[in-house]
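# Structural characterization, general
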Amino acid sequence: MELTKYICHRIPERSFFIKGHQFPVCARCTGFYTGLVVFLVWNHFFRLNHDIVTLLISMILMIPVAIDGFTQYFGPRESTNTLRFVTGFIGGIGLIIFLKIIIRGILNVLL
């Protein structure tokens, strides 16, 4: 049983292929996970302030992926895999920053 089917739809037209083999997740999810990893590596070397401005920036970074996804889903527009990847990448960075700030805030309250 493939675990990736629980985290991504894996529609072939919305996925990347290398030498005829489909990626385990779609282009948007590939961007999300790549953005998460890239930010975590970057953040290991360069610390980020955990303040309200950074929280707002993280939410702004998630807007492009939301616009791309919603306009594709509800409108006549079809996104491209490149656009899905780029917006997913930006959204992944925004998501991990958002989660780090929220989790840090929760831990500060609890501890």
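All residue numbers refer to positions counted from 1 along the written sequence of the respective chain. In keeping with the model being predicted, local features are shown solely for residues with a pLDDT of at least 70 and side-chain atom pairs are shown and tallied solely at 80 or more, while totals for entire chains, interfaces and linings include all residues. Heavy atoms from the whole structure form the basis of all side-chain values; hydrogens and water molecules are not counted.

## Re the pattern of salt bridges
One speaks of a salt bridge when a side-chain nitrogen belonging to Lys or Arg is within 4 Å of a carboxyl oxygen belonging to Asp or Glu. Scanning all chains against the criterion turns up four salt bridges. Here Arg77 ties to Asp68 by a salt bridge, and the two come within 2.6 Å at their closest N and O atoms. Classification of Asp68 as buried rests on a relative accessible area of 4%. Glu78 is paired through a salt bridge with Arg84; the nearest N and O atoms lie 2.8 Å apart. Shared partners join several salt bridges into a network, and the residues in it are Arg14, Glu78 and Arg84. The cut-offs for exposure are 20% and 50% of the maximum accessible area for each residue type, with area from a 1.4 Å probe on protein chains only; residues under the lower value are buried, those over the upper are exposed, and the others partly exposed.

## Let's talk about the confidence of the model for the chain
Summarising the model, the chain shows a mean pLDDT of 90, and 95% of its residues fall at 70 or more. Between the elements of the chain, mean pLDDT differs from a low of 87, seen in strand β2 (residues 21-22), to a high of 96, seen in helix α2 (residues 52-61). Known as pLDDT, the predictor's confidence for each residue is given on a scale from 0 to 100. A helix here means a DSSP run of H or I that spans at least four residues, while a strand means a run of E at least two residues long, and both kinds are numbered starting from the N terminus.

## Quick notes on helix α1 (residues 27-45)
The span you would expect from a helix comes to 1.5 Å times its residue count less one. For α1, spanning 19 residues, the distance from its first C-alpha to its last is 28 Å, which sits close to the expected 27 Å at 1.5 Å a residue. Burial in α1 covers these residues: Ala27, Arg28, Cys29, Thr30, Gly31, Phe32, Gly35, Leu36, Phe39 and Asn43. Residue contacts are counted whenever heavy atoms from the two residues lie within 4.5 Å of one another. Those residues of α1 that are buried are in contact with α3 (63-74) and α4 (81-110).

## Some words on the packing of aromatic side chains
Centres within 6.5 Å are what make two rings of Phe, Tyr or Trp a pair, Trp counting through its six-membered ring; a difference in plane orientation under 30 degrees is then read as stacked, over 60 as edge-to-face, and the rest as tilted. Tallied over the full model, the rule gives seven aromatic pairs. Taken together, the ring pairs in this structure connect Phe16, Phe23, Phe85 and Phe89 into an aromatic cluster.

## Description of the side chain of Ser79
Checked against the element boundaries, Ser79 lands in the loop between α3 and α4. Relative accessible area serves as the criterion here: at 5%, Ser79 is assigned to the buried category. Excluding residues within four positions of it along the chain, Ser79 makes contact with Arg28, Asp68, Gln72 and Arg84.

## Observations regarding a nonpolar patch on the surface
On the surface, Leu99, Ile102, Ile103, Ile106, Leu107, Val109, Leu110 and Leu111 cluster together into a nonpolar patch covering about 830 Å² of accessible area. On the secondary structure map, Leu111 appears in the segment after α4. The exposure class assigned to Leu111 is exposed, which follows from its relative accessible area of 83%. For patch detection, residues must exceed 30% relative accessible area and be free of salt bridges, and they are connected within 9 Å for like charges or within 5 Å for nonpolar side chains (Val, Leu, Ile, Met, Phe, Trp, Tyr). Note that accessible areas follow from Shrake-Rupley with a 1.4 Å probe, and for residues the cover is restricted to the protein chains shown.

## Focus on α3
Compared with an ideal rise of 1.5 Å per residue, which puts 12 residues at 16 Å, α3 spans 16 Å between its outermost C-alpha atoms and is within 8% of the ideal. Within the sequence span of α3, burial applies to Val65, Asp68 and Gln72. The arc that holds the buried residues of α3, viewed along the axis, is 65°, so those residues lie on one side. Pointing more than 90 degrees away from the buried face of α3 are the exposed residues Phe70 and Phe74. Where α3 is buried, its residues contact α1 and α4. This arc is built from the directions going out from the helix axis to the C-beta atoms.

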